[in-house]
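# Coordinate analysis (summary)
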Amino acid sequence: SGLKTGGAFTPTRDDFQRVYNDVAEILENNDYDNGSYGPVVVRLGWHASGTYDKETKTGGSNGATMRFAPESEHGANAGLKTARDLLEGIKKKHPWISYSDLWTLAAVAAIQEMGGPKIPWRPGRKDGDVSACTPDGRLPDASKDQKHLRAIFYRMGFNDQEIVALSGAHALGRCHTDRSGFDGPWTFSPTMLTNDYYKLLLEEKWAWKKWNGPKQFEDVSTKSLMMLPTDMALIKDKEFKKHVERYAKDNDLFFRDFADVFGRLLELGVPFEKEEKFIFKSTTD
Ligand code: DDH
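First, a word on what this report is: a plain description of the structure on this page. This structure is a prediction, so every number in the text was calculated from the model and none was measured.

As a further point, take the overall build of the protein chain. Of the regular secondary structure elements, the protein chain holds 10 helices and 7 strands. A globule of 285 residues ought to have a C-alpha radius of gyration of about 19 Å, and the protein chain, at 18 Å, matches this closely. The long-range share in the protein chain, meaning contacts at least 24 apart out of those at least 6 apart in sequence, stands at 69%. Roughly 13,300 Å² of accessible area belongs to the protein chain as shown, and the carbon and sulfur atoms make up 50% of that amount. Charge separation in the protein chain, taken as the distance between the mean sites of 40 positive and 42 negative side-chain charges, equals 2 Å.

What follows is the structure, given as structure tokens:
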């Protein structure tokens, strides 16, 4: 444990690993969704970070401003209270960690515990106040097309390859009618990170789902999987599709690129004082 001098606590790598271990322990829960809080915890880390605007250098995971209205009430963040509340218990046990470090570390733990790659992570985020809340509309709108995807992700500083690599996170979890209005999972194994999202995009036949909900696609053969209009944009657009094909063919390549770009997503706009990154031990190591 870190030195306690004059009341100040300097956490060490071991202290952060202990936080990782405690998060890992509470992810599995048979009473929730497909048996894991992992996907919604990943989504919390992404939505906390994906508000970054490289021009104004506002938004990003630093600050953890989703704790406050109006950001907590933004439509895109519907359902993320589940993940924030889950992590409250970890914050109580380790009160020295900032919410912003905790949310991003928890997303890293969730990815690793769901069979994904190791994501290098470093501490240093500080919690902000309500004045740092970002305006609504910085996160992607699932009903839109490739033009919107580029506008949103270029604003964070990402390129086409990185947009496609990040989107592979939709191998995980599902849509909930009481959150986004959309319904269903993208893959048959929503608690394991794999390149199945890309494979299914290319190999399945997709058609508009006939229902009263928002426009989404379903797979023609089983009608149990879904794609959002923004997911389908990745195979409609030639530049995006090139990368979908690369990742569908090569899970190791997907894992390498995903680890790199997801790690950088969690760091957007954070003024770190230290370079050193940690690679956490997974519970299965
Ligand atoms: Fe996503 N996502 N996402 N997503 N996302 C939803 C669920 C999950 C979009 C829309 C939705 C990323 C990109 C996009 C995860 C991770 C990531 C839902 C359903 C919608 C809608 C929410 C609900 O009803 O519960 C859109 C649009 C984009 C885009 O335009 C690219 C990225 C980049 C990530 C990431 O983590 C890197 C995860 C995980 C979920 C599943 C959550 C859950 O509770 O299950």
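Structure shown, so let's carry the discussion forward.
Our next topic: the site of the ligand. The full set close to the ligand counts 25 residues, and L149, H170, R174, H176 and S180 are the nearest of them. One of the backbone N or O atoms of R174 is found 2.9 Å from an oxygen atom in the ligand. In this structure, S180 approaches the ligand through a side-chain N or O atom, which is 2.6 Å from an oxygen atom. Sorting the residues of the shell around the ligand by element identifies α2 (38-49), α5 (146-156), α6 (160-167) and β3 (174-175) as the ones contributing at least two each. Looking at the shell around the ligand element by element, the count peaks at 5 residues for α2.

Right, let's get into helix α9 (residues 238-249). Over its 12 residues, α9 extends 17 Å from the first C-alpha to the last, a length consistent with the 16 Å expected when each residue adds 1.5 Å. Residues of α9 that are buried: F240, H243, V244, Y247 and A248. One side of α9 carries all its buried residues, which in axial view fall inside an arc of 140°. Turned more than 90 degrees from where α9 packs its buried face, K238 and K249 sit exposed. Elements in contact with the buried residues of α9: α5, α6, α7 (196-203), α8 (229-236) and α10 (251-265). At the N-terminal end of α9, a side-chain oxygen is found 3.1 Å from the backbone nitrogen of E239, two or three residues along, and the residue is D237.

Inspection of the secondary structure assignment puts A259 in helix α10. Sequence spacing of A259 and P120 is 139 residues, and the spatial spacing of their C-alpha atoms is 7.6 Å. Excluding anything up to four places from it in sequence, A259 contacts P117, K118 and I119.

Procedures and definitions
- Residues numbered from 1 in each chain as written.
- Predicted model: local features only at pLDDT ≥ 70, side-chain atom pairs only at ≥ 80, totals over all residues.
- Heavy atoms only, no water.
- Helix = DSSP H or I, 4+ residues; strand = E, 2+ residues; numbered from the N terminus.
- Rg over C-alpha atoms; globule rule 2.2 N^0.38 Å.
- Contact = heavy atoms within 4.5 Å.
- Areas by Shrake-Rupley, 256 points an atom, 1.4 Å probe, with all protein chains shown as cover.
- Lys, Arg positive; Asp, Glu negative; His and termini not counted.
- Charge placed at Lys NZ, Arg CZ, Asp CG, Glu CD.
- Near = heavy atom within 4 Å.
- Polar contact = N/O pair within 3.5 Å; in protein donor to acceptor, adjacent residues only side chain to side chain.
- Expected span 1.5 Å × (residues − 1).
- Buried < 20%, exposed > 50% of the residue type's maximum accessible area, 1.4 Å probe, protein only.
- Arc of directions from axis to C-beta.

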